[in-house]
Amino acid sequence: MFKSVIKLATLLFLVTFSLSYAQSTVRTGEMIISASPGEIMEADAMSFNSIIGKDAIIEWEVYVPEDYDPTNPPGIMVFAGAPQNERAPFGWMSVMKDKNLIWVAARKSGNAATFVQKELLALMSVPLIEKKYKIDAKRVYISGVGRVSSVVTMDNPDIFNGAIFTDGDLWSKNPEYKINSILNKRFVFITGHQGGAANVHSTRYSYNKFKDAGLKNLKLITISPIMRYDRRRFLEAIDYLDG
């Protein structure tokens, strides 16, 4: 009996130690994560080998809230179309911490990359994080270059629950037959802070097209050209995505 109690106590200690050690070794804060499509997608990577080689090493800018807790798993905010060494605007990482979201942006996914490469990099961002952290799958969002994020969202409604669209004509690459798959998603359109009148017009046009197609969960945020898309506006957009 005494030996059984000792064994049970030892087992409980080992389990507790293993869990606390695993949590303590999880990296948090800002970091660079490197991985290949083969490491992320495994056998599925061969299907996309002509777009990005399965053994190509890709770097992601990642921020994990310092108070990361697997019992209260964070969501993910993918930033699509980031150029090399892209850093989030000042104050945005504090929003990630406040809203319990992990930020992830693939490097070299700006103008030097093809459109399909940008799509694939955005898609790979999600399993990259899921392999390392426990995630709230109901809070996986995308932002960044508007056309990339809109196409990725429409093509993968089973992955992304909402998006922040920040520029341009977002409707032209999104056929109406895809609308039924995103009727319950939430979208924020940001305009006015860059690109001039043409950008404002095209963003409003896209917002109205989504609205006319039957989507109910839409929000349009217009920022004065003399103002920045700052922490307050970013927080407002995420609050809307969270519903």
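Per chain, residue numbering runs from 1 following the sequence as it is written. Residues qualify for local features only when their pLDDT is at least 70, as the model is predicted, and side-chain atom pairs are given and counted only at 80 or more; totals for whole chains, interfaces and linings, by contrast, use all residues. Excluded from the side-chain calculations are hydrogens and water; all other atoms, namely the structure's heavy atoms, are used.

Student: So what exactly am I meant to see when it comes to the packing of aromatic side chains here?
Tutor: The relative placement of two aromatic rings is captured by the distance of their centres and the angle of their planes. Pairing of aromatic rings covers Phe, Tyr and Trp, the last counted by its six-membered ring, and requires centre-to-centre distances within 6.5 Å; plane angles under 30 degrees mean stacked, over 60 mean edge-to-face, and any other angle means tilted. Under the defined criterion, the tally for this structure stands at 10 aromatic pairs. With centroids separated by 6.2 Å and ring planes inclined at 45°, the aromatic side chains of F165 and F210 adopt a geometry described as tilted. Taken together, the residues F165 in strand β6 (residues 162-165) and F210 in helix α6 (residues 196-212) connect sequence positions 45 residues apart. Side by side, F165 and F210 carry an identical accessibility label, which is buried. Considering the side-chain rings of F189 and Y207, the 5.5 Å spacing of their centres and the 85° angle between planes classify their relative orientation as edge-to-face. On the criterion of sequence distance, the pair formed by F189 in strand β7 (residues 186-191) and Y207 in helix α6 is long-range, its members being 18 residues apart. Each residue is assigned to one of three classes by its accessible area relative to the maximum for its type, calculated with a 1.4 Å probe on protein chains only: buried under 20%, partly exposed between the two thresholds, exposed over 50%. Residue classification places F189 among the buried residues on the basis of a relative accessible area of 0%. For Y207, a relative accessible area of 13% translates into the label buried. Where helices and strands are cited, they refer to DSSP runs of H or I of at least four residues and of E of at least two residues respectively, numbered from the N terminus.

Student: Sorry if this is basic, but what is going on with the pairing of strand β5 (residues 140-144) here?
Tutor: Side-chain direction in a regular strand flips from residue to residue, so the side chains alternate between the two faces of the sheet. Most of β5 is tucked away: five of the five residues are buried. Here β5 shows no split at all, with V140, I142 and G144 on one side and Y141 and S143 on the other all buried. Two strands form a pair only when DSSP identifies at least two bridges running between them. Relative to β5, strand β3 (residues 75-80) runs parallel, the two sharing five bridges. By the bridge assignment for β5, A80 is matched with G144. Regarding the hand of the β-α-β motif, the stretch spanning β5, helix α5 (residues 146-155) and β6 is right-handed. Seen with its strands pointing away from the viewer, a crossover is right-handed when the path leading from the first strand over the helix to the second is clockwise.

Student: How should unusual backbone geometry be read in this particular structure?
Tutor: Glycine aside, residues mostly have negative phi, and peptide bonds are mostly found in the trans state. Look at E42: it is not a glycine, yet its phi comes out positive at around 55°. Note on placement: E42 falls in the loop between α2 (37-41) and β2 (58-64). What makes E42 exposed here is its relative accessible area of 53%. Even without glycine at this site, N100 takes up a positive phi of about 55°.

Student: Honestly, the nonpolar core in this entry has me stumped. Any pointers?
Tutor: Side chains of nonpolar character tend, in soluble globular proteins, to be buried together. Ranked by internal contacts, the top residues of the largest apolar core, which has 45 residues, are W60, V62, M124 and I129. Element by element, the count of residues in this core is highest for helix α4 (residues 115-130), at seven residues. Working rule for contacts: check all heavy atoms of both residues, and any pair within 4.5 Å makes them a contact. Residue contacts for V62: discarding those within four places in its chain leaves G29, E30, M31, I33, I102, W103, V104 and I129. The criterion is simple. A nonpolar core is a set of buried Ala, Val, Leu, Ile, Met, Phe, Trp, Tyr and Cys residues joined through side-chain atoms within 4.5 Å. Counting residues in each nonpolar core, the second largest holds 22 residues, with M77, F79, V95 and I223 among its members.

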